[in-house]
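Working through the structure, step by step
Chain by chain, the residues run as shown.
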Amino acid sequence: MDLDWLCLNGTLVRPAEGTVPAVSQGLLYGLGLFETFRARGGRVFRLERHFERLCQGAGILRLPVPVTFAALEASVVALTARCSLEDARLRLTVAAGASDSEAIWLVTIRSPDDYPETLYSQGIAVVVASVRRNEGSPLTRVKSLNYLDNLLARREARRSRAQDAILLNSAGFVAEGSGANLFAIRGRELATPPVEDGALPGITREAVMELAGEAGLTAIEKSLSIDEVATADEVFLTNAVAGVLPAVRLNEASIGRGTPGPLTRALGAAYLRAVTAL
Ligand code: PMP
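A brief structural summary. (Residues numbered from 1 in each chain as written. Predicted model: local features only at pLDDT ≥ 70, side-chain atom pairs only at ≥ 80, totals over all residues. Heavy atoms only, no water.)

Read from one edge to the other, the open sheet built from six strands follows the order S2-S1-S6-S5-S3-S4, with strand pairing classed as antiparallel. Unpaired on one side and paired on the other, strand S2 (11–13) and strand S4 (43–44) mark the two borders of the sheet. Here strand S3 (residues 32–40) pairs with S4 via two bridges, running antiparallel. In the strand pairing of S4, Ala39 is matched with Val44. Across the sheet, helix H2 (residues 47–61) is in contact with S3, S4 and strand S5 (87–96); its angle to S3 comes to roughly 175°. (Pairing = 2+ DSSP bridges. Helix = DSSP H or I, 4+ residues; strand = E, 2+ residues; numbered from the N terminus. Contact = heavy atoms within 4.5 Å. Axes fitted to C-alpha atoms, helices over the stretch in contact; angles between N-to-C directions.)

Right, here's the structure in full:
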């Protein structure tokens, strides 16, 4: 396995050889977008949805999309093969160039080994971040390179020895995790905050809502207070790299029984079946 490769504008290069314009709007203003996803055997679950979300974001930021879906798919296959990585986490970055009518695209690769099995069998601890999500900003619905609120929230979690942080919006309702959507189960109801509350329209969120019926759950979007999360039967986070990640502690207190619940485990298994059946 040699992970020291990336794909810059469609060409596989060594990271040291990949150069981008120093004076670019991407670097100066964070004008750009990214997507993260997991490839198993070179195949990505709902890659087309990631590409669509990127294109929607590009419309909002008025950024050109310099990559076609076919070129993206080919780059994923080429990069995972070159690195001999059967199970890979990848990131597509589109960043504006010197003028905002130009853009570069970059695909980078890493191993998903920071999501070990113990996180799923034991669950993770989360804290409430002090940074708030501005649900009124158009950037909330865009996965932009302007990711610093999320980074600050994540660092705050790490300082508290938790794995992730929950961001509340300016009205005090739950928006999401620092890089993941949040779900709370109460009885047979599976609830997640609406996008209007400051949640990214997650691709995994969408898939999990579709799979809810298989676990005997009814999925709804509704505003959630942090108390509703603290007193839920089960809570979990979702993103395309981690899948379904049980959260078992909130600010030092147990959620439910303090161990991954049966419905979260059933949904996690259903999601894993869907992503490995490609
Ligand atoms: N919210 C944020 C802020 C994220 O960065 C991510 C990861 N892309 C998600 C939610 C989950 O989205 P997805 O399921 O598409 O990975």
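We are not done yet, so read on.
A few words on the pattern of salt bridges. Here the structure, examined in full by the defined rule, presents 14 salt bridges. In this structure, Glu176 engages Arg133 in a salt bridge whose closest nitrogen and oxygen atoms are separated by 2.5 Å. Of the two residues, Glu176 is situated in strand S9 (residues 174–177) and Arg133 in the loop between strand S7 (124–128) and helix H5 (148–159); the sequence distance between them amounts to 43 residues. Each of the two residues, Glu176 as well as Arg133, counts as buried. Members of the salt-bridge network, linked through shared partners, are Arg46, Arg49, Glu52, Glu206 and Glu210. (Salt bridge = Lys/Arg side-chain N within 4 Å of Asp/Glu carboxyl O. Buried < 20%, exposed > 50% of the residue type's maximum accessible area, 1.4 Å probe, protein only.)

Near the ligand there are 18 residues, and of these Lys143, Tyr147, Glu176, Ile203 and Thr204 occur at the shortest range. With respect to the ligand, the side chain of Tyr147 contributes an N or O atom lying 2.4 Å from an oxygen atom. In the complex, 97% of the free accessible area of the ligand, which totals 390 Å², lies under the protein chains. Of the residues that constitute the shell around the ligand, the class distribution is five nonpolar, 10 polar and three charged. (Near = heavy atom within 4 Å. Polar contact = N/O pair within 3.5 Å; in protein donor to acceptor, adjacent residues only side chain to side chain. Areas by Shrake-Rupley, 256 points an atom, 1.4 Å probe, with all protein chains shown as cover. Nonpolar A, V, L, I, M, F, W, Y, C, P; charged D, E, K, R; others polar.)

On to the nonpolar core, then. Residues Phe37, Leu63, Leu72, Leu79, Leu90, Leu92 and Val107 are the most contacted members of the largest nonpolar core, which totals 28 residues. Grouped together as the second largest cluster of nonpolar side chains are 23 residues, Tyr120, Leu182, Ala247 and Ile255 included. (Core = buried A, V, L, I, M, F, W, Y, C linked by side-chain atoms within 4.5 Å.)

Think of a pair of aromatic rings as described by two things: how far the centres are apart, and how the planes are tilted against each other in angle. What the rule picks out here adds up to four aromatic pairs. The interplanar angle of 85° and the centroid separation of 5.0 Å between the aromatic rings of Phe34 and Tyr147 together place this pair among those described as edge-to-face. With a gap of 113 residues between them, Phe34 in strand S3 and Tyr147 in the loop between S7 and H5 connect regions that are remote in the sequence. A cation over an aromatic ring shows up here: Arg82 above the ring of Trp5, its NZ or CZ 4.6 Å from the ring centre. Its end group placed over the ring of Phe34, Arg91 keeps NZ or CZ at 3.9 Å from the ring centre. (Phe/Tyr/Trp six-rings, centres within 6.5 Å; stacked < 30°, edge-to-face > 60°. Lys NZ or Arg CZ within 6 Å of the ring centre and 35° of its normal.)

Here we come to unusual backbone geometry. Even without being glycine, Ser84 reaches a positive phi, approximately 50°. Within the fold, Ser84 resides in the loop between helix H3 (69–82) and S5. Judged by relative accessible area, which is 53%, Ser84 ranks as exposed. Positioned with a positive phi, Asn251 is a non-glycine residue whose angle comes to about 45°. Note on placement: Asn251 falls in the loop between strand S14 (243–250) and strand S15 (253–254).

Mapped onto the elements, Asn169 comes out in the loop between strand S8 (164–168) and S9. Of the polar contacts made by the side chain of Asn169, one reaches the backbone nitrogen of Ala171; its length is 2.9 Å. The contact partners of Asn169, leaving out residues within four places of it in the chain, are Arg132, Arg133, Glu135, Ala175 and Asp197.

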